[in-house]
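Each chain is listed here by its residues.
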Amino acid sequence: MRMNNMILAAFISSSSRSARGFLTSQSKRGVSPFTNAATRLLSSTVEPITSTSPGTRGTPSTSFDDGTSPFEITTPIYYVNDKPHIGHAYTSLACDVIARYMRLSGRDVYFLSGTDEHGQKVETTAKAKGMEPQDFCDEVSQSFRDLLKLLNISNDEFIRTTQSHHKEAVQHFWKQLVDKGAIYLGSYE
């Protein structure tokens, strides 16, 4: 577990004083043989990945990606029935690594994260804590934004499903589906 903590700290930021402080304190305690390498990593500057062919940028193409088009990535839209845990940190970090790699490769990247603030479980949890559902969502959603800031996650936007622009977009999309006959009452066996 100690090595995992050190590795997580190493990914936090190449300029993060808190990460350097963590690694230094661990080194003084003799916790990890990788501390010196991680400290060097945190002290170094990351240079963009360059191609061997002048004027070309991007990532290798695949059957579903040409390697140069804008790249979009999202974390799961986290459910706000409780505060974030290590799984939320893991998925945010994994998406961040991919987004940063794509940016360093010269790709335009849009990285989205956010919270899903609807559902009976949210209402039930809020009431059990003696809070209004929106106040509860505001508090827990902030804890997710705090986690992203702590980990120095490079997301471009943090969306909340209770935001008015999100509600309007969903209503517009739903209306289009209804108008095209894609949503209808039926019975299934």
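This section reports on the structure supplied with the text.

Rules used in this analysis
- Residues numbered from 1 in each chain as written.
- Predicted model: local features only at pLDDT ≥ 70, side-chain atom pairs only at ≥ 80, totals over all residues.
- Heavy atoms only, no water.
- Phe/Tyr/Trp six-rings, centres within 6.5 Å; stacked < 30°, edge-to-face > 60°.
- Helix = DSSP H or I, 4+ residues; strand = E, 2+ residues; numbered from the N terminus.
- Buried < 20%, exposed > 50% of the residue type's maximum accessible area, 1.4 Å probe, protein only.
- Axes fitted to C-alpha atoms, helices over the stretch in contact; angles between N-to-C directions.
- Parallel < 35°, antiparallel > 145°, perpendicular 65-115°, else oblique.
- Contact = heavy atoms within 4.5 Å.
- Nonpolar A, V, L, I, M, F, W, Y, C, P; charged D, E, K, R; others polar.
- Salt bridge = Lys/Arg side-chain N within 4 Å of Asp/Glu carboxyl O.
- Core = buried A, V, L, I, M, F, W, Y, C linked by side-chain atoms within 4.5 Å.
- Pairing = 2+ DSSP bridges.

1. Focus on the packing of aromatic side chains
Here comes step 1: Applying the stated criterion across every chain yields a total of one aromatic pair.
Here comes step 2: For the ring pair Tyr78 and Phe144, a centre distance of 5.2 Å and an interplane angle of 15° mean the geometry is stacked. Of this pair, Tyr78 sits in strand S1 (residues 71-79) while Phe144 sits in helix H6 (residues 133-150); the two residues are 66 residues apart in sequence, bridging distant segments of the chain. Here the two residues Tyr78 and Phe144 agree in accessibility, since each one is buried.

2. Comments concerning the packing of helix H5 (residues 120-128) against H6
For any two helices packed against each other, one specifies the crossing angle of their axes together with the interaxial distance.
Here comes step 1: The interhelical angle for the contact between H5 and H6, taken along N-to-C directions, is 95°, at an axis separation of 9 Å. Here H5 is positioned roughly perpendicular relative to H6, judged by the angle of their axes. Across the interface between the two elements, Val122, Glu123, Thr125 and Ala126 from H5 touch Pro133, Phe136 and Cys137 from H6.
Here comes step 2: Split by residue class, the contact of H5 with H6 holds five nonpolar, one polar and one charged.

3. With respect to the pattern of salt bridges
Here comes step 1: If you walk through the whole model with that rule in mind, you get eight salt bridges.
Here comes step 2: Between Lys83 and Glu139 there is a salt bridge, and its shortest N-O distance comes to 3.6 Å. One end of the pair, Lys83, is in the loop between S1 and helix H4 (86-104); the other, Glu139, is in helix H6, and 56 residues separate them in sequence.
Here comes step 3: For Lys83, a relative accessible area of 43% corresponds to the partly exposed category.
Here comes step 4: On the accessibility criterion, Glu139 (41% relative accessible area) is partly exposed.
Here comes step 5: Between Arg100 and Asp96 there is a salt bridge whose closest N-O contact spans 2.6 Å.

4. Notes on unusual backbone geometry
Here comes step 1: For Asn152, which is not a glycine, the phi torsion comes out positive at approximately 55°.
Here comes step 2: The residue Asn152 is located in the loop between H6 and strand S3 (157-160) in this model.
Here comes step 3: When its relative accessible area of 31% is taken as the criterion, Asn152 is described as partly exposed.

5. Considerations on the nonpolar core
In summary, soluble globular proteins display a tendency toward joint burial of nonpolar side chains.
Here comes step 1: Counting residues in each nonpolar core, the largest one holds 21 residues, and the members touching the most others are Ile73, Val109 and Phe111.
Here comes step 2: Those elements giving two or more residues to this core turn out to be S1, H4, strand S2 (109-116), H5 and H6.
Here comes step 3: Once residues within four sequence positions are removed from consideration, Phe111 is found in contact with Ile73, Thr75, Ser92, Cys95, Asp96, Ala99, Arg103, Ile153, Ser154, Asn155, Asp156 and Glu157.

6. Re the sheet that holds S1
Here comes step 1: In spatial order, the strands read S1-S2-S3; together these three strands make up an open sheet with parallel pairing. Whereas interior strands pair on both sides, the edge strands pair on one side only; in this sheet they are S1 and S3. Pairs of neighbouring strands in the sheet enclose a mean axial angle of 20°, with direction left out of account.
Here comes step 2: Note that S2 and S3 share four bridges and pair parallel. When the sheet's bridge partners are listed, Ser113 is paired in S3 with Phe158.
Here comes step 3: Each of S1 and S2 touches H4; the most contacted strand, S1, lies at about 170° to it.
Here comes step 4: Against the sheet, H6 contacts S1, S2 and S3, and its axis sits at roughly 160° relative to S3.

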